[in-house]
Structure formats: C-alpha cells, structure tokens
Amino acid sequence: MRAEMKHGGEGGTQNRNFPSHYCSVSHDVDLVKLLVPADTVLRRIARWWRRLCLIDPHSSLTRQVFRSDGAIKREISRHLTYFPVTIHPLSKLRFIWECLMIVTFATAFQLIPYDVMFLFRAPDYYPFTSFHVTLLVIDMICLIDIGMSFYTGTYVQRTQRVELNLKNIRKKYRRRWFWIDVVSSAPDPLITRLVPISTLDNSLLYCLHKLDFHPGCAWDFWNLISVIKIFRFRTCLRYIRRLCQRLGLRRNVTKFTTILATVLTVFHWGSCILFLVVRLVQGTDPALVDARSWTHTIPFWNQSSFHQYLECAYRTLYTVTHITHDFNESMTYDDMMVSLVYTVCGYILKIYLLAELLIFIRILFSSTSKYHENRYELSNYMRHEQLPAALQQQILEFYDIRHPKHYSRPTFIRATVGEQLFAEVRMEILGPFLRGCALFREAFTEEQLRALAVEMCYQLFMKNDIVTRWESDVAGWRASWNMIFIVSGTVAVCTSGWKEVLHLEDGEHFGELQLLFREDVVKFPNFVAVETTELYMLSREAFDAFLHPYPTLRRNLVVLATEHLHRMGQMTRDDARERLANVETVRVQSPATMTD
C-alpha cells in the first residue's frame, strides 16, 4: 500500500496512474437544517442565531482542537442534541464578542485608573462629559459579558477539552470570579451623578488622607473599587492569545503582543499609582505640600489632570529604566520609597525582557529558522521546476503539517522510553481502534493487541491523495496491502470508475480481510483522502511476522474472517444501504452510484 499524489486540473488530460479526483459525495450534511426547523420567520431567526452559536469550522483554532471534518460534525451534533442553549467557545459569536471585549478591556485598563486617581476636582465630575459616557458604556458591556459567561462554554487549551454543560460552567464561575466581576462592573458614573456637588470634597481618598472617616465618604466607594477590574487582565490576555490563534499568527507574534500589552498596562498603572501616593501622603493643597517633594519644585497642582499625568509618566519612565537616580535631588520619604520600589520593578522587568529576548533568538536560530529555511528552499525548487501553482500549494501545506511530526520521531522516542512504555503509549492512541475491529477483538488478547500496536506506522495524506487503489495489472501492487485505521480526517471510497460511494471518517478502519486472504478473493475499491488525513497502517509483512509463532491463532482468524465474508455475501443491497444510513460517520451517495 502506498500513497500517490494526484495532479491534473480541470483542463488537463487524464493521467492513468494519477487520476484526477473531485469530491462528489454530499458528506457535509447541514445538521442545523436537520435539527432546527425554519418554517416561520421567528424560527429562521432562531436558526441564524444557532449558527452563530455553533462551532466555527473555518477557524484555524477549531482545526487545532478538532483536526478533521468528522470530529467537527460530531461536536456540532453533540452541541445541538445535548446543549442547544450553550454558546460554543469556538463559535463565530464568541469570536466577535471576544474582539469587542479586547477593545473594552484595553480601554477600561487605561481610563479607570486615570478616572479614579486624577479626576478629583468638581469640574472633572460636572458636566457629564464623553469621558464618563465611555466609562458607563464599558461598565454596561462588562455587565453583559457577565451574562454571556453564564451561557458560554469553556475551552481549556492545556487539555484541549470543551465543556458545554451550563450547570458545571455556572457553578465554577460563581465559585471563582462572579462577584469580583459584578462589583467591578457597577456603573459608578451614574452613581456619581446622584451625589451633590457640595460633597465632592468628602471623597474616599480625601478621607484616607485626613484619616477622618465619616459616612459621607462612602459615595466614592464604587468609583474607587472599580480598579479591581484589573483582575480581569488575565482574561484579556487569554482573549488576545485566542484571537491570534484564530487569525493563524505565529506563536512568537502572539507572545510579543501579550508582553507588549502587559508592559504598557503596568507602566500606565504605575504612573497613576505614583500620583495616588502623592494624594494620600501630601494631599492636593499646594500650600501644604512638603518643600522637599518633587511636586513643590514645579507648578504641578496648577496644571490640568492630563499634564499631571504626563509628569507622573515621565518620572515613572525615568525611575524604572534608569539604574540609579540623582541623589542630590531633594526627596521626601514617600518619594524615596516609591523610587526604590520602581527601581526594583525596573530591574525585574529588564531581566524578564532579556530572558524573553534570548528565548526568541534561540528559537529564531534553531527549529524555527530551520523550518523557514527549508520552506524557502522548497519554494525556490518548485519555482525553478515550474510546477503548477496548485501543486506548489499542496506541497507547502504538506510540509507545514508534516514538519512538526519530524521532531517526534517514533524511533527516537522508542529508544528513549523503552519497549514497555512505548507499547503503553501506542495502546493509549491505538487501543480504541484495535478494539473497534470485531476480528481483532474476538481473536486477540490485550497483550497481543499491545504488541500489534507497536508494529503499526503513522502516515499523513493531504487532500486528494490516493491512500490505496485496486490495480490488478500492476506488477507487485497486490502484495502491498495494508490495514488502515483513520485517526483524523475523511477518506472517500470510490469504485473502479472513480465514482465515490461513501466516506469513512475518524475512528473507522478497513483492510483487515486483505491481511488474511489473497487479493483475488477479496478486492478493494479505491480510497482517496478528502481532506488532510492522519492514518496508522498495519502492513501484511508485519502482520505475518506477528502471527508466525501462533499458527492456531491464524487459523482462528481465517475462520472468523470467512464467516464475516459469508455474512457480507448474503447481505442484500438494500440491507447494506440501510446499515450504512444508520452509521453516523458515513455519508452515502445516491442509490444510482451504488450500482457502479
């Protein structure tokens, strides 16, 4: 059995050895049309909404989690059947909402500390400006996001597991972040509008500065407590990573984006905290400011809030990026403490950025560099040979998928972990497939199945690759039959005239009878990969070597296979169609095709 790539366009001539293949079986059954009726206008809207909430099959992130069309269709079927109300975490609706939340969080993390720490005068609260409208819109979107979280499934990237059970999702959310999200999303601009202007001097920060607490300072509580929205920064980073994965960006680009967002946010909050320290320790009255303070040497308190922010941002940048300071400058004790903390944080930041840079350079000049170098040489070779554009694209796609597998060489892993552990690893992957074969399940023990799994080899086929075909007039072809287990992907079963009959998908197998009988007893149809397909193959040579010490086992297998062939021979065409129609992963074409 061997893989052959088929070439030839619509206008090209038919090649006898590599026949052109065009998928004609209607295997992409629209499960939404089958399970969601649309006989009225409202139901049509409901169907459109369900499509938005279902998994997006065209997303690159979806393809990483569910590696084949069959797995995606099973996920859609599971979603519609058992969890119809849940919004899938890999859906188009969730993608649009996460993009909106990235913009919302990025705006909130910039405006909230500025609002809490710099806007403390009466003109900053009245009148109701566009700044406050923006804050109010942010709070409303965050409240809606809380409601979305109660109806959205979760996806854990580490385990690549999708949870759609709303009961478990809501229980976990209420136990962790629900109350923090609710409190931090309170619409404090509306609360501030209800406060009389005469009480603005009794803000919470003013009370903290004077250490004179009274019930009147509680009005500023919601405004100050909104800063705990920073705890959702981790969620924002997760959305950014998921967005980069959906767009198919490289891991280095994703990491650079998250580091840049983190550094900018920390720097902005550091500038605001510097001003907060000044307000809490010295107050906002220029006449009462300590003469040693840096705010006394410049007309700081007479400036606008934006200019005050620029002054704080400059001092933060100076303190964090410089190794030392000018100690001739007169500073208060709180200035010294802030400078010390910021200097230590600056050292930590430099060490972290330097470590990330070294890791990036190491990756750039190792596997990533080798990958791009080989891909560039491959592209130059194909252009030099003037290969068709479609064939060039197919070869590059094969290289992109096959390249990561190169660093997982089974021979190296087998020599490292030993035969026993390697057999355990193989059984974790291939055990369900081998037990799913009735012939092996009835005849082999668990230890024999483990030994058989070790003898199997991995193969990758791209779209339109011929997995195997029946050619009786080709010398030596019939002696190379393999048994094939489909790990992920779709394989089309074609007649001798290359007309498709049905599709086989994840978890299915074929070819077990060819391991025991001659080719003139059992003839195979043609098998063609419909999409990128991962297979495990068991060759006849390996199977014969495995059965050589067990002659009785071979006779038992032949008897079982003969009985199976006899039952297949007695099965009518209608019975075959009925059985195929009841198999979830098989899509049958029209009955006219079955006659070929």
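Cut-off values and rules
- Residues numbered from 1 in each chain as written.
- Predicted model: local features only at pLDDT ≥ 70, side-chain atom pairs only at ≥ 80, totals over all residues.
- Heavy atoms only, no water.
- Helix = DSSP H or I, 4+ residues; strand = E, 2+ residues; numbered from the N terminus.
- Buried < 20%, exposed > 50% of the residue type's maximum accessible area, 1.4 Å probe, protein only.
- Areas by Shrake-Rupley, 256 points an atom, 1.4 Å probe, with all protein chains shown as cover.
- Salt bridge = Lys/Arg side-chain N within 4 Å of Asp/Glu carboxyl O.
- Patch = residues over 30% accessible without salt bridge, like charges linked within 9 Å, V, L, I, M, F, W, Y side chains within 5 Å.
- Expected span 1.5 Å × (residues − 1).
- Bend = angle between axes of the 7 residues up to and from the residue.
- Phe/Tyr/Trp six-rings, centres within 6.5 Å; stacked < 30°, edge-to-face > 60°.
- Lys NZ or Arg CZ within 6 Å of the ring centre and 35° of its normal.
- Arc of directions from axis to C-beta.
- Contact = heavy atoms within 4.5 Å.
- UniProt positions renumbered as here; feature names shortened; annotations may be inferred.
- Pairing = 2+ DSSP bridges.
- Axes fitted to C-alpha atoms, helices over the stretch in contact; angles between N-to-C directions.
- Lys, Arg positive; Asp, Glu negative; His and termini not counted.
- Charge placed at Lys NZ, Arg CZ, Asp CG, Glu CD.
- Core = buried A, V, L, I, M, F, W, Y, C linked by side-chain atoms within 4.5 Å.

J.: Lay out the overall build of the chain with the relevant residues and their values.
T.: Counting secondary structure elements, the chain contains 25 helices and 11 strands. For the chain, the proportion of its 596 residues judged to be buried stands at 44%. On the chain, roughly 32,600 Å² of surface is accessible, and the fraction owed to carbon and sulfur atoms is 62%.

J.: Can you tell me about the pattern of salt bridges, naming the residues and giving the values?
T.: Evaluation of the coordinates by the stated rule reveals 15 salt bridges. The salt bridge involving D139 is made with K229; its shortest N-O contact spans 3.5 Å. With a gap of 90 residues between them, D139 in helix α7 (residues 130–149) and K229 in the loop between α12 (221–225) and α13 (233–246) connect regions that are remote in the sequence. A relative accessible area of 1% places K229 in the buried class.

J.: Report on a nonpolar patch on the surface, specifying residues and quantitative values.
T.: Among the surface-exposed residues, V41, L42, I45, W48 and W49 lie close enough to one another that they form a single nonpolar patch of about 590 Å² accessible area. Using a relative accessible area of 58% as the deciding quantity, one classes V41 as exposed.

J.: Help me get a handle on helix α5 (residues 92–118), residues and values and all.
T.: For α5, built from 27 residues, the straight-helix expectation of 39 Å at 1.5 Å per residue is met to within 8% by its first-to-last C-alpha distance of 39 Å. Most pronounced at A108, the bend in α5 amounts to some 25°.

J.: Could you give me a rundown of the packing of aromatic side chains, with the residues and numbers involved?
T.: Applying the stated criterion to the full structure yields 23 aromatic pairs. Seen from their ring centres, F510 and F527 are 3.9 Å apart, and the 0° between their planes marks the pair as stacked. Of this pair, F510 sits in strand β9 (residues 509–510) while F527 sits in strand β10 (residues 526–529), and the two are 17 residues apart along the sequence. A network of ring pairs unites the aromatic residues Y114, F118, F131, F275, F300, W301 and Y309 as a single cluster. Residue placement shows R170 over the ring face of Y151; its charged tip is 4.6 Å from the ring centre.

J.: Would you mind going over helix α8 (residues 166–176) in detail, with residue names and values included?
T.: Among all positions of α8, only L166, I169 and Y173 are buried. Within α8, the buried residues cover an arc of 65° as seen down the axis, which keeps them to one side. The outward face of α8, more than 90 degrees from its buried face, is lined by the exposed residues K167, K171 and R175. The inward-facing, buried residues of α8 contact α7, β2 (154–156), β3 (161–163) and α9 (178–184).

J.: Tell me about the UniProt feature "transmembrane region" (unreviewed entry) in the chain, and name the residues and values.
T.: The positions that UniProt labels "transmembrane region" (unreviewed entry) are, in the present scheme, residues 95–113, 133–156, 256–278 and 340–365. Helix makes up 100% of residues 95–113 and strand 0%, and the two end C-alpha atoms of the span are 28 Å apart. Helix and strand shares over residues 256–278 are 100% and 0% respectively, and the end C-alpha atoms of the span are 34 Å apart.

J.: I'd like to hear about the side chain of D145, residue by residue, with values.
T.: Mapped onto the elements, D145 comes out in helix α7. When its relative accessible area of 1% is taken as the criterion, D145 is described as buried. For D145, the contacting residues outside a window of four places in its chain are R94, W97, M101, R232 and Y239.

J.: Can you break down the sheet that holds β9 residue by residue, with the values?
T.: The four strands lie next to each other as β4-β11-β6-β9, forming an open sheet whose pairing is antiparallel. Sheet topology places β4 (457–461) and β9 at the edges, where each strand pairs with a single neighbour. Pairing geometry for β4 and strand β11 (residues 533–539), over five bridges, is antiparallel. Across the sheet, the residue bridging to C457 is M537, located in β11. Packing of helix α22 (residues 540–547) onto the sheet brings it into contact with β6 (482–488) and β11, and relative to β11 it is tilted by some 45°.

J.: I'd like a rundown of the environment of K229, residues and numbers included.
T.: A sequence separation of 120 residues divides K229 from F109, and the C-alpha atoms of the two residues are 7.8 Å apart. If sequence neighbours within four positions are ignored, K229 has contacts with A108, F109, I112, D139, C142, S184 and S185.

J.: Any chance you could break down a positive patch on the surface for me, citing the residues and the numbers?
T.: Side chains of K167, K171, K172, R175, R176, R234, R238 and R241 sit close together on the surface and give a patch of like positive charge. At the level of elements, α8 and α13 are the ones that each hand at least two residues to the positive patch. The greatest single-element share of the positive patch, amounting to five residues, is contributed by α8. By the secondary structure assignment, R175 is in helix α8.

J.: Mind laying out the pairing of β10, listing which residues take part and the relevant values?
T.: Residue alternation in β10 divides its side chains into two sets, N526 and V528 and F527 and A529, and both sets are buried. Strand direction decides the pairing type here: strand β5 (residues 465–468) and β10, joined by two bridges, are antiparallel. Pairing of T468 across the sheet is with F527, part of β10. In terms of strand pairing, strand β7 (residues 491–494) meets β10 through four bridges, oriented antiparallel. Each residue of the ladder has a partner; that of V493, found in β10, is F527.

J.: Got a sec to walk through the nonpolar core? Specific residues and values, please.
T.: In this structure, F105, M117, F118, F275, W301 and C312 are the most contacted members of the largest nonpolar core, which totals 46 residues. Listing elements by their share of this core, those giving two or more residues are α2 (41–53), α5, α7, α13, α14 (251–282), α15 (305–321) and α16 (333–364). Sequence-distant contacts of M117, defined by excluding residues within four places in its chain, comprise C272, I273, F275, L276 and R279. Counting 31 residues, the second-largest nonpolar core is a separate cluster that includes M483, L516, F543 and L547.

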